[in-house]
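Spelled out, the chains give:
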Amino acid sequence: MGQGPLTGIRVVDLTQFESGTVCTETLAWLGAEVIKVERPVRGELGRFAGGDMEHDAYGFIVLNMNKEGVTCNMKTPEGHDLILKLLEKSDVIVENMSPGAMERLGLGYEDCKKVNPKIIYGSIKGFATGSPYQDYPAFDPIATHMGGFVAATGWPDKPVKSGVSVADSGTGYMLALSIIAALYQRDHQGVGQKIEVAMQDYMIGLGRSGWEPFYNTGKPPRRVGNGMPLEDVAPSDTFPCKPGGPNDYVHIYTSRHEGATDWDRFCKVIGHEELLDDPDMATPQSRYQHKDRLNAIITEWTMQHTKMEATKILAENHIPAGALLDIQDFYDDPQYMERNLVVEIDHPQRGKLKAVGFAPNMSENHIDYKSSPALGGNNKDIYQDLLGLTDEEMAELKEKKVI
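Residues numbered from 1 in each chain as written. Predicted model: local features only at pLDDT ≥ 70, side-chain atom pairs only at ≥ 80, totals over all residues. Heavy atoms only, no water.

*Asks:* What should I look at first to understand the nonpolar core in this one?
*Replies:* Most often, soluble globular proteins keep nonpolar side chains buried together rather than apart. Ranked by size, the top nonpolar core spans 35 residues in total, and within it Val11, Leu27, Val92, Leu175 and Ile179 carry the most contacts. Secondary-structure elements contributing two or more residues to this core are helix H1 (19–29), strand E4 (92–95), strand E5 (120–125), helix H7 (166–189), strand E8 (193–198), helix H8 (199–206), strand E12 (342–347) and strand E13 (351–356). Top element by residues in this core is H7. It accounts for 7 residues. The contact partners of Ile179, leaving out residues within four places of it in the chain, are Cys23, Leu27, Val92, Val94, Ile120 and Ile195. Counting residues in each nonpolar core, the second largest holds 30 residues, with Met74, Leu86, Ile119 and Leu389 among its members. (Core = buried A, V, L, I, M, F, W, Y, C linked by side-chain atoms within 4.5 Å. Buried < 20%, exposed > 50% of the residue type's maximum accessible area, 1.4 Å probe, protein only. Helix = DSSP H or I, 4+ residues; strand = E, 2+ residues; numbered from the N terminus. Contact = heavy atoms within 4.5 Å.)

What follows is the structure, given as structure tokens:
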């Protein structure tokens, strides 16, 4: 088996919660050595979420796989010096602390650059430095609301936020991509740099396709629920399936383009070929005008099938359709484990767990998936074996509660 593309790269991970941890976990899956730094005793805020101080939270486990872990009280002079010594031997530092926190710790970009001029300094913030909102607190729903995502999502009379952490995880992936580009630039141009990705900015960039209807209409994109935002056409909706559970739905869409034949095939599949001669159903636009009648006919058919049955029947007849899949579906379906999208890890407290792996399939990136690190589980490996601290120095740091 080959090595990952980032083998030999060392990353100091000062992240917490989701956006930063997704970035560093991605780098770890690409082969980097990622050293997660946490507070002594309590760890990062996400490790013991929910108040259980005896067991790592499931969210922490799935967001911090394949990392090493050390503890360090960076507010102490000794802890501050430990991080600087670690940075001398590292390539990248990643943080997603609140604005100004790194500078107050004496670990801002200029501070880190002094000990390692070629350091790649990755930073995630809610709002960009220089923005009038730069000091505002931000979590995923704040970023999606202020980044244009929610304005385009939901029903005409009610915006709806995403149930998936689009801003958090998306910003983490974008920073990981940028760090890899910066490493390439460093190797070819000899320069380190600071990278800042703001969650709001990432969300604004993610919505670039909405600028076309904005220019065409002079208004922001419409909210159309499960419909087609570019034009009012039918069928283009999400329909209930048997047995009628909360996620028993299938989305069906037939092309709005002239000359498309999926509408003809659809009518035959659902047993309503009479619709082909119905003037009310002649075009995608006219079907929308009579969508209540059409949707009732479609629902009668979908309720005779499970969401997976309906998807299979329609897709195999070249009709665009997709079941509403949830985490239980991914957990239960063996195909995802066979493709290493869902993987199994062994956590010392929680036992064997399934978790989501790395989506890109790279022929020369062979990942040995490992559980998240124990709190301070690699203190000896990093501080003694890498930095050269003695047993006496380690004991003194522990006595002072630095580690």
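Resuming the write-up.
*Asks:* What's the story with the side chain of Asn378 in this structure? I'm lost.
*Replies:* With respect to the helices, strands and loops of the structure, Asn378 is situated in the loop between E13 and helix H16 (379–386). For Asn378, a relative accessible area of 15% gives the class buried.

*Asks:* I'm lost on the packing of aromatic side chains in this one. Help?
*Replies:* Given two aromatic rings, one states the distance between the centres and the angle between the planes to describe the pair. Applying the stated rule across the entire model yields 12 aromatic pairs. Judged by centre distance (5.6 Å) and plane angle (65°), the ring pair of Phe127 and Tyr133 falls under edge-to-face. Its relative accessible area of 2% is what places Phe127 among the buried residues. Centroid distance Trp211 to Phe214: 6.0 Å. Interplanar angle 70°. Geometry classified as edge-to-face. With Trp211 and Phe214 both in helix H9 (residues 211–217) and 3 residues apart, the pair spans about one turn of that helix. Counting every residue linked through ring pairs, the aromatic cluster contains Trp29, Phe358 and Tyr369. Of note, Arg287 hangs over the ring of Trp263, and the distance from its end group to the ring centre comes to 3.9 Å. The lysine or arginine in question, Arg350, covers the ring of Tyr58, its NZ or CZ lying 4.1 Å from the ring centre. (Phe/Tyr/Trp six-rings, centres within 6.5 Å; stacked < 30°, edge-to-face > 60°. Lys NZ or Arg CZ within 6 Å of the ring centre and 35° of its normal.)

*Asks:* What exactly am I supposed to notice about a positive patch on the surface here?
*Replies:* Taken together, the side chains of Arg39, Arg42, Lys75 and Arg104 define a basic patch exposed on the protein surface. Examined against the element boundaries, Lys75 turns out to sit in the loop between strand E3 (68–71) and helix H3 (77–88). Residue Lys75 is classed as exposed on the basis of its relative accessible area, which comes to 73%. (Patch = residues over 30% accessible without salt bridge, like charges linked within 9 Å, V, L, I, M, F, W, Y side chains within 5 Å. Areas by Shrake-Rupley, 256 points an atom, 1.4 Å probe, with all protein chains shown as cover. Salt bridge = Lys/Arg side-chain N within 4 Å of Asp/Glu carboxyl O. Lys, Arg positive; Asp, Glu negative; His and termini not counted. Charge placed at Lys NZ, Arg CZ, Asp CG, Glu CD.)

*Asks:* Help me understand the packing of H7 against H8 in this model?
*Replies:* Two numbers describe a pair of packed helices, the interaxial angle and the distance between the axes. Contact pair H7 / H8: the axes reach a minimum separation of 9 Å and the direction vectors enclose 90°. If you check the angle between H7 and H8, you find them roughly perpendicular. Between H7, through Val166, Ala167, Asp168, Gly170, Thr171 and Met174, and H8, the contact on the second element is made entirely by Met199, Tyr202, Met203 and Leu206. Partitioning the contact of H7 with H8 into residue classes produces 7 nonpolar, 2 polar and 1 charged. (Axes fitted to C-alpha atoms, helices over the stretch in contact; angles between N-to-C directions. Parallel < 35°, antiparallel > 145°, perpendicular 65-115°, else oblique. Nonpolar A, V, L, I, M, F, W, Y, C, P; charged D, E, K, R; others polar.)

*Asks:* In this structure, what is going on with H8? I would like to understand it.
*Replies:* A turn of α-helix holds 3.6 residues, and therefore any two residues three or four places apart point the same way. For H8, the set of buried residues is Met199, Gln200, Tyr202 and Met203. For H8, the angular spread of the buried residues around the axis is 160°, confining them to a single face. (Arc of directions from axis to C-beta.)

*Asks:* Would you explain the sheet that holds strand E10 (residues 249–253) in this entry?
*Replies:* Strand pairing in a sheet is mediated by backbone hydrogen bonds. Such pairs are either parallel or antiparallel. Taking strand neighbours across the sheet as the criterion, the 3 strands line up as E9-E10-E11 in an open arrangement whose pairing is antiparallel. Only two strands of the sheet have a single partner each, and these edge strands are strand E9 (236–240) and strand E11 (321–323). Ignoring strand direction, the axes of neighbouring strands in this sheet form an average angle of 20°. Both E9 and E10 contribute to a ladder of 5 bridges, which runs antiparallel. Of the residues in E10, the one forming a bridge with Thr238 is His251. Contacting E9 and E10, helix H12 (residues 291–302) runs over the sheet at an angle of about 40° to E9. With respect to the sheet, helix H13 (residues 307–316) is in contact with E10 and E11, its orientation differing from that of E11 by roughly 160°. (Pairing = 2+ DSSP bridges.)

*Asks:* Sorry, what's going on with the pattern of salt bridges here?
*Replies:* Close approach of charged atoms allows side chains with opposite charge to pair. Under the defined criterion, the tally for this structure stands at 17 salt bridges. Among the ionic pairs, Arg47 bridges to Glu38, the shortest N-O distance being 2.6 Å. Arg47 is the salt-bridge partner of Asp56, the closest N and O atoms lying 3.1 Å from each other. With respect to burial, Asp56 and Arg47 carry one shared label: buried. Members of the salt-bridge network, linked through shared partners, are Glu38, Arg47 and Asp56.

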